[in-house]
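# Fold and contact review
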Amino acid sequence: MYVVRTDLAIEAADTSDGKLPEGVSVDQDTADGIERTTVRIRTEGAAERLGRPIGDYYTFEAPIQHADEALVAQVSEALGQLLPEGTILVVGLGNRSITPDALGPATAHQVIATRHIPAETSRAVGLPPLRPVCSLAPGVMGQTGIETSDIIKAVVADVKPAAVVVVDALAARGVGRLGATVQLSNSGIAPGAGVENCRTELSERTLGVPVLSLGIPTVVDGGTLVQDLAGKEDVGRAARALMVTPRDIDRVIEKGARVLAEALNRALFPNLGAEDIALLMD
């Protein structure tokens, strides 16, 4: 039987018999037209069953290309509740040269980096003191020759952030979620897990500080797509070799990176107004 691949906890928790494993809870509500789902995994058995680490997974469903203030505000609010005080390191994972994988670098590029700005400088330009924030887009091992986790570990050891926020493109099971879902988690991330290119886990266990993950699904595995749409369990090798992405993926990445970056900046700098944030991002 072909194993369905997805990075989304909401899809992993969607069992065929409709019964949640013990240790898993799912809560749903709708606000301002956005459906919000929280999947909480509390036991090792549940984590193994769903293939996700113990933690909380927040999903916001809305078409990214047509996202409005409501989506940015809700993601920002959820981020603000999870971020600790102190220096934050934002890491944009992925290959900026491959469009469906460029979400992380495109987002990191728009995060307002402030660790190098003294409080006196902020006051001199009419801004309040700013939280120290660092932004990093380390590329992929095929570009650098270095395991991405090793780069991040070295930066964490030097910067000593209170937490790391990792942004990455995700894989989904259903095509309807491509470019239409934002997932936020406090459990870290295993980059590439959804496309069978799993790299070293980035989590509090491996980095020594809390790790939040933030992403939008941009691809669906060909075999998973065939199984989901056609109901076939015998998936051919040709389908398994494909990764499918929306025709308008350029726009999805552009808009998605803007949404995530704006939500991050609002959560990181709650003492700045929306106009100041927009000005500093541009």
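## Quick look at the confidence of the model for the protein chain
Per-residue pLDDT for the protein chain averages 89, and the proportion of residues at 70 or more is 89%. Ranking the helices and strands of the protein chain by mean pLDDT puts strand β4 (residues 88–92) first, with 98, and helix α10 (residues 237–240) last, with 64.

## Examining the side chain of Ser 185
Mapped onto the secondary structure, Ser 185 falls in strand β7 (residues 181–185). Within the structure, Ser 185 has its side chain in polar contact with the backbone oxygen of Asp 56 (distance 3.3 Å). In this view, Ser 185 contacts Asp 56, Tyr 57, Val 211, Leu 212 and Ser 213; residues no more than four positions away in its chain are not counted.

## Some remarks on the pairing of strand β2 (residues 34–41)
Here strand β1 (residues 24–31) pairs with β2 via eight bridges, running antiparallel. Considered in β2, the bridge of Val 24 is made with Ile 41. Looking at chain direction, β2 and strand β3 (residues 55–61) are connected through seven bridges and run antiparallel. Its bridge partner lying in β3, Val 39 is registered against Tyr 57.

## Details of helix α7 (residues 148–159)
For α7, built from 12 residues, the straight-helix expectation of 16 Å at 1.5 Å per residue is met to within 8% by its first-to-last C-alpha distance of 17 Å. Three or more residues of α7 are buried, namely Thr 148, Ser 149, Ile 151, Ile 152, Val 156 and Val 159. Take α7 and look down its axis: the buried residues cluster within an arc of 155°, on one side only. Residues of α7 that are exposed and point over 90 degrees away from its buried face: Ala 157 and Asp 158. Buried positions along α7 lie against β4, β5 (133–136), α6 (141–144), β6 (163–172) and α8 (204–207). Just past α7, the residue Lys 160 takes up positive phi, approximately 55°.

## Concerning unusual backbone geometry
For residues that are not glycine, phi is negative in most cases, and the peptide bond is trans in most cases. Unusually for a residue other than glycine, Asp 32 sits at a positive phi of about 55°. Among the structural elements, Asp 32 can be located in the loop between β1 and β2. Despite not being glycine, Lys 160 has its phi angle at roughly 55°, a positive value. Take Lys 160: it is sitting in the loop between α7 and β6.

## Considering the environment of Arg 205
Along the chain, Arg 205 falls in helix α8. Between the alpha carbons of Arg 205 and Ser 187 there is a distance of 9.9 Å; along the sequence they are 18 residues apart.

## Brief notes about the pattern of salt bridges
Under the criterion given, the structure shown has 11 salt bridges. Each of the salt bridges in this network shares a partner with another, and the network as a whole consists of Glu 11, Glu 61 and Arg 177.

## Here we look at helix α3 (residues 69–82)
Its 14 residues place the ends of α3 20 Å apart at the C-alpha level, agreeing with the 20 Å of an ideal helix rising 1.5 Å per residue. The complete set of buried residues in α3 reads Ala 70, Leu 71, Val 72, Gln 74, Val 75, Ser 76, Ala 78 and Leu 79. For α3, the side-chain oxygen to backbone nitrogen distance between the N-cap and Ala 70 is 3.1 Å, and the N-cap itself is Asp 68.

## Section: the environment of Ala 13
Note that Ala 13 resides in the loop between α1 (9–12) and β1. On the accessibility criterion, Ala 13 (8% relative accessible area) is buried. Distance in space between the C-alpha atoms of Ala 13 and Ala 46 is 9.7 Å, their sequence separation being 33 residues. Excluding anything up to four places from it in sequence, Ala 13 contacts Leu 20, Val 26, Val 39 and Leu 50.

## So, the nonpolar core
Across soluble globular proteins, you tend to see nonpolar side chains buried next to one another. Leu 71, Leu 79, Val 90, Val 182 and Leu 214 are the most contacted members of the largest nonpolar core, which totals 46 residues. Every element with two or more residues in this core is listed here: β3, α3, β4, β6, β7, β8 (211–221), α11 (249–268) and α12 (274–281). With 11 residues, α11 is the single largest residue contributor to this core. In contact with Val 182, not counting residues within four places along its chain, are Tyr 58, Thr 59, Phe 60, Ile 64, Leu 71, Val 75, Leu 214, Gly 215, Ile 216 and Leu 260. With 16 residues, the next largest nonpolar core counts Leu 93, Leu 136, Ile 151 and Val 159 among its residues.

## Describing the side chain of Ser 213
Looking at where Ser 213 falls in the secondary structure, it is placed in strand β8. Residue Ser 213 is classed as buried on the basis of its relative accessible area of 7%. Here the side chain of Ser 213 touches Gly 188 through a polar contact of 3.3 Å, landing on its backbone oxygen. Discounting residues that sit within four places of it in the chain, Ser 213 has contacts with Val 166, Gln 183, Leu 184, Ser 185, Gly 188 and Ile 189.

## Thoughts on the packing of α3 against α11
Running from amino to carboxyl end, α3 crosses α11 at an angle of 45°, the nearest separation of the two axes being 8 Å. One element, α3, and the other, α11, form an angle in the oblique class. Judged by the twist between their axes, the crossing of α3 over α11 is right-handed. Residue-level contacts link Glu 69, Leu 71, Val 72, Ala 73, Val 75, Ser 76, Leu 79 and Gly 80 of α3 to Val 259, Glu 262, Ala 263, Leu 264, Arg 266 and Ala 267 of α11. Across the contact of α3 with α11, the residue classes tally to nine nonpolar, two polar and three charged.

Scoring rules and cut-offs
- Residues numbered from 1 in each chain as written.
- Predicted model: local features only at pLDDT ≥ 70, side-chain atom pairs only at ≥ 80, totals over all residues.
- Heavy atoms only, no water.
- pLDDT = per-residue confidence, 0-100.
- Helix = DSSP H or I, 4+ residues; strand = E, 2+ residues; numbered from the N terminus.
- Polar contact = N/O pair within 3.5 Å; in protein donor to acceptor, adjacent residues only side chain to side chain.
- Contact = heavy atoms within 4.5 Å.
- Pairing = 2+ DSSP bridges.
- Expected span 1.5 Å × (residues − 1).
- Buried < 20%, exposed > 50% of the residue type's maximum accessible area, 1.4 Å probe, protein only.
- Arc of directions from axis to C-beta.
- Salt bridge = Lys/Arg side-chain N within 4 Å of Asp/Glu carboxyl O.
- Core = buried A, V, L, I, M, F, W, Y, C linked by side-chain atoms within 4.5 Å.
- Axes fitted to C-alpha atoms, helices over the stretch in contact; angles between N-to-C directions.
- Parallel < 35°, antiparallel > 145°, perpendicular 65-115°, else oblique.
- Left-handed = near helix turned anticlockwise from the far one by under 90°.
- Nonpolar A, V, L, I, M, F, W, Y, C, P; charged D, E, K, R; others polar.

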